[in-house]
Amino acid sequence: MLKKGKLTVVGAGPGDAELITLKAIKALQSADVVLYDALINTELLNYAPNAEKIFVGKRKGCYSYQQEQINELIVQRGQLRKHVVRLKGGDSFVFGRGAEEMQYAAEYGIDVAVVPGISSSLSVPANQHIPVTKRGFSESFWVITGTTKEHKLSNDIALAAKSSATIVILMGMSKLHEIMTLFKGEGKSETPVAIIQEGTTEREKIGIGTVASIESKAREQQLSNPAIIVIGEVVHHRTELLNLKKKHEQEAILV
């Protein structure tokens, strides 16, 4: 039993159960309570066999718990001197509200810690051989939420559309038309775009197109949330690698 309660906010990675850190596994193994979200791989709960497990995520727009209720759960279990692990998809400090939960718990005298996770904004494109930076193509990248807490399009996307950076947009599928309209307005209709749905999982799907064509590609392939949108010349890297692989396979057949 702990001398006082503890909250550890843990990033679970993008979906593949193997893309979690050793430190995160150790936190789960010592947990008395695990509060977990919808996007985490539930295989990870096996690392906490003796913990109380509570699903607090959102599915299809329906909340099992409101944020205020999650905060209260953390404090209630923490005041019982339990170790609470808050398990979140990706990295909990990238659009994850992990910082807010830690601050709330600390106000009640509960010890807090964080275990960084592998962010989906970087790892999901990488898993599809799309780098967010590449020499000669992109010197920087933006990671932006597609939808603000007011359910509006982020103003930062209009600024990003003016840059030469790689743009990675999370939670943006419901605003896909608005986003592409902004990029078209900047003369970027032919800029490559990738949409990766449920990246790093066995259900992964990908659509490749341009700013002008990606909406029709998304409809054809029935791409929807949870998905990541990548806009920039770096998307060509994947095509180049696949073409090289195909070329060598054809040469091997001829030999």
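Heads up: these notes are all about the structure in this document. (Residues numbered from 1 in each chain as written. Predicted model: local features only at pLDDT ≥ 70, side-chain atom pairs only at ≥ 80, totals over all residues. Heavy atoms only, no water.)

What about helix α4 (residues 120–127)?
Now for step 1: Residues of α4 that are buried include every one of Ser121, Ser123, Val124 and Pro125, and no others.
Now for step 2: Of the surrounding secondary structure, the elements contacted by the buried residues of α4 are β8 (141–145), β9 (166–170), β10 (192–197) and β12 (227–231).
Now for step 3: Positive phi appears at histidine 129, one or two residues downstream of α4, with a value of about 60°. (Buried < 20%, exposed > 50% of the residue type's maximum accessible area, 1.4 Å probe, protein only. Helix = DSSP H or I, 4+ residues; strand = E, 2+ residues; numbered from the N terminus. Contact = heavy atoms within 4.5 Å.)

Structural notes on the side chain of arginine 77
Now for step 1: With respect to the element layout, arginine 77 can be found in helix α2 (residues 67–78).
Now for step 2: Judged by relative accessible area, which is 16%, arginine 77 ranks as buried.
Now for step 3: Beyond its immediate chain neighbours, meaning those up to four positions away, arginine 77 contacts Val33, Glu52, Ile54, Lys82 and Val84.

Structural notes on the pattern of salt bridges
Should their charged atoms come close, side chains of opposite charge can pair.
Now for step 1: Scanning the entire structure with this criterion turns up nine salt bridges.
Now for step 2: Residues lysine 134 and glutamate 240 are paired through a salt bridge, measuring 3.4 Å at the closest nitrogen-oxygen approach. In this pair, lysine 134 is assigned in the loop between α4 and β8 and glutamate 240 in helix α8 (residues 235–254), connecting sequence segments 106 residues apart.
Now for step 3: Linked by salt bridges that have partners in common, Asp37, Arg86, Lys88 and Glu101 make up one network. (Salt bridge = Lys/Arg side-chain N within 4 Å of Asp/Glu carboxyl O.)

A look at the packing of aromatic side chains
Now for step 1: As enumerated under the stated definition, the model contains two aromatic pairs in all.
Now for step 2: On the basis of an interplanar angle of 35° and a centroid distance of 5.3 Å, the ring pair of tyrosine 104 and tyrosine 108 is categorised as tilted. (Phe/Tyr/Trp six-rings, centres within 6.5 Å; stacked < 30°, edge-to-face > 60°.)

Focus: the side chain of aspartate 37
Now for step 1: Note that aspartate 37 resides in the loop between β2 (33–36) and β3 (52–55).
Now for step 2: Within the structure, aspartate 37 has its side chain in polar contact with the side chain of arginine 86 (distance 3.0 Å).
Now for step 3: Once residues lying within four places of it in the same chain are set aside, the contact partners of aspartate 37 are Phe55, Val56, Gly57, Arg86, Leu87 and Lys88. (Polar contact = N/O pair within 3.5 Å; in protein donor to acceptor, adjacent residues only side chain to side chain.)

Quick look at the nonpolar core
Now for step 1: One finds Ile179, Met180, Ile195, Ile229 and Ile231 to be the most contacted residues of the largest nonpolar core, which totals 22 residues.
Now for step 2: The set of elements that each furnish at least two residues to this core consists of α5 (156–160), β9, α6 (176–185), β10, α7 (214–220) and β12.
Now for step 3: Of all the elements, α6 adds the most residues to this core, at four residues.
Now for step 4: What isoleucine 195 contacts, discounting residues up to four positions off in sequence, is Met173, Leu176, Lys205, Ile206, Gly207, Ile214, Ala218, Leu223, Ala227, Ile228 and Ile229.
Now for step 5: Listed in part, the 19 residues of the second largest apolar core include Leu28, Ala31, Leu45 and Leu87. (Core = buried A, V, L, I, M, F, W, Y, C linked by side-chain atoms within 4.5 Å.)

Focus on α6
Counting along an α-helix, one turn takes 3.6 residues, and residues three or four places apart therefore face a common direction.
Now for step 1: Every buried residue of α6 is listed here: Leu176, Ile179, Met180 and Phe183. Seen end-on, α6 carries its buried residues on one side only, within an arc spanning 95°. Pointing more than 90 degrees away from the buried face of α6 are the exposed residues His177 and Gly185.
Now for step 2: Tucked into the core, α6 has its buried residues touching α5, β9, β10, α7 and β12. (Arc of directions from axis to C-beta.)

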